[in-house]
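A structural walkthrough
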Amino acid sequence: GIVDFNGGSYFFYHNGALPGGGGFTRSVAVEKFTYNADGTIPTMNMTTAGAPQVGTLSPYSRQEAETIAWETGVETEPSSEGGRNVGWIENGDWIKVKGVAFGASPGAVSFTARVASAASGGRIELRLGGTSGTLVGTCNVSGTGGWQNWVNVSCPVNGVTGTHDLYLRFAGGSGYLFNVNWWQFAA
Ligand code: MG
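Let us look at the structure shown here.

1. Thoughts on the packing of aromatic side chains
Tallied over the full model, the rule gives eight aromatic pairs. Measuring from ring centre to ring centre gives 5.8 Å for Phe-170 and Phe-178, while their planes differ by 75°; the resulting arrangement is edge-to-face. No difference in accessibility class separates Phe-170 from Phe-178, as the two residues are buried. Here the aromatic rings of Trp-183 and Phe-185 are separated by 5.7 Å at their centres, their planes lie at 85°, and the arrangement is edge-to-face.

Structural data, given as structure tokens:
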């Protein structure tokens, strides 16, 4: 399918290029393109980089946990609170959120996440630039009595400024740790 957005044209398709991918295990891909002068669609090549980011993301608005540029190990499912949540989180799994604009000093000083866990929880490490990038905050998650029993957890963040790729790195014991519905920083 083709979507025209903010003056750009984007071609969405799917392929089996990810590890384990194939005819019945496809993933979504997107390329930015420009129509030919006569209005026809140009030949496009598949890339692994995809389209450039349209704009930055505000960490000070509520962002769905399923806002994901890249991830390892997680999946999404319908949430009892509406929309979807991220689940099947295990120790070492992570989510990359691209181009998060924290702004000028003093920047982000706290982080809140909407979480649920029928197990004993774990923690969310907030890292910049990579899964082992600078740790700017750690949020502890306890058991909530159910995978859809949602509570807010908050933790301090040490004044992040500027624009970064944000990594939510999940840690804890064995098995599934907790689910995340949404997150938000406070300035
Ligand atoms: Mg959600």
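Resuming the write-up.
2. Remarks on unusual backbone geometry
For the bond from Ser-105 to Pro-106, the omega torsion is 10°, close enough to zero to count as cis. Here Pro-106 is to be found in the loop between strand 8 (94–101) and strand 9 (108–117). Positive phi is not limited to glycine here, since Asn-6 has a value of about 50°. You can see Asn-6 is positioned in the loop between strand 1 (2–5) and strand 2 (8–15).

3. Observations concerning the nonpolar core
With 31 residues, the main nonpolar core has Phe-111, Ile-124, Leu-126, Leu-168, Phe-170, Trp-183 and Phe-185 as its most contacted residues. If near-sequence neighbours (up to four positions away) are discounted, Leu-168 is found in contact with Asp-93, Trp-94, Ile-95, Phe-111, Ile-124, Glu-125, Leu-126 and Trp-183.

4. Thoughts on the pairing of strand 8
Counting buried positions over the eight residues of strand 8 gives six, a clear majority of the element. Pairing of strand 5 (residues 70–72) with strand 8 involves three bridges; the strand directions are antiparallel. Residue pairing for strand 8: Glu-71 is matched across the bridge by Ile-95. Where strand 8 meets strand 13 (residues 163–171), six bridges bridge the pair, whose relative direction is antiparallel. Residue pairing across strands places Ile-95 opposite Leu-168, the latter belonging to strand 13.

5. Notes on the pattern of salt bridges
Counted by the stated rule, this structure contains six salt bridges. In this structure, Arg-62 and Glu-64 form a salt bridge, with 3.2 Å as the shortest nitrogen-oxygen distance. On the basis of relative accessibility, which here comes to 44%, the residue Arg-62 falls in the partly exposed class. In this structure Glu-64 comes out as partly exposed when scored by relative accessible area, which is 25%. Note that Glu-125 is salt-bridged to Arg-169, the shortest N-O span being 3.2 Å. One end of the pair, Glu-125, is in strand 10 (residues 122–128); the other, Arg-169, is in strand 13, and 44 residues separate them in sequence.

6. Concerning the sheet that holds strand 11 (residues 134–141)
Taken together, five strands build an open sheet; the order of strands is 5-8-13-10-11 and the sheet is antiparallel. The open sheet has two edge strands with one neighbour each: strand 5 and strand 11. Shown here is a sheet whose adjacent strand axes are inclined to one another by a mean of 20°, direction ignored.

7. Let's talk about the sheet that holds strand 1
Taken in spatial order, the three strands make up an open sheet running 1-2-3, and their pairing is antiparallel. One side of each edge strand has no neighbouring strand; the edge strands of this open sheet are strand 1 and strand 3 (27–33). Taken pair by pair, the neighbouring strands of this sheet meet at an average axis angle of 30°, ignoring direction. Pairing of strand 1 with strand 2 involves four bridges; the strand directions are antiparallel. For Phe-5, the partnering residue across the bridge sits in strand 2 and is Gly-8.

8. Overview of the side chain of Asn-85
The residue Asn-85 is located in strand 7 (residues 84–87) in this model. Asn-85 sits in the buried class, given a relative accessible area of 0%. Here the side chain of Asn-85 touches Gln-148 through a polar contact of 3.1 Å, side chain to side chain. Apart from the residues within four sequence positions on either side, Asn-85 is in contact with Glu-66, Glu-75, Thr-76, Glu-77, Pro-78, Ser-79, Gln-148, Trp-150, Asn-179, Val-180 and Asn-181.

Cut-off values and rules
Residues numbered from 1 in each chain as written. Predicted model: local features only at pLDDT ≥ 70, side-chain atom pairs only at ≥ 80, totals over all residues. Heavy atoms only, no water. Phe/Tyr/Trp six-rings, centres within 6.5 Å; stacked < 30°, edge-to-face > 60°. Buried < 20%, exposed > 50% of the residue type's maximum accessible area, 1.4 Å probe, protein only. Helix = DSSP H or I, 4+ residues; strand = E, 2+ residues; numbered from the N terminus. Core = buried A, V, L, I, M, F, W, Y, C linked by side-chain atoms within 4.5 Å. Contact = heavy atoms within 4.5 Å. Pairing = 2+ DSSP bridges. Salt bridge = Lys/Arg side-chain N within 4 Å of Asp/Glu carboxyl O. Axes fitted to C-alpha atoms, helices over the stretch in contact; angles between N-to-C directions. Polar contact = N/O pair within 3.5 Å; in protein donor to acceptor, adjacent residues only side chain to side chain.

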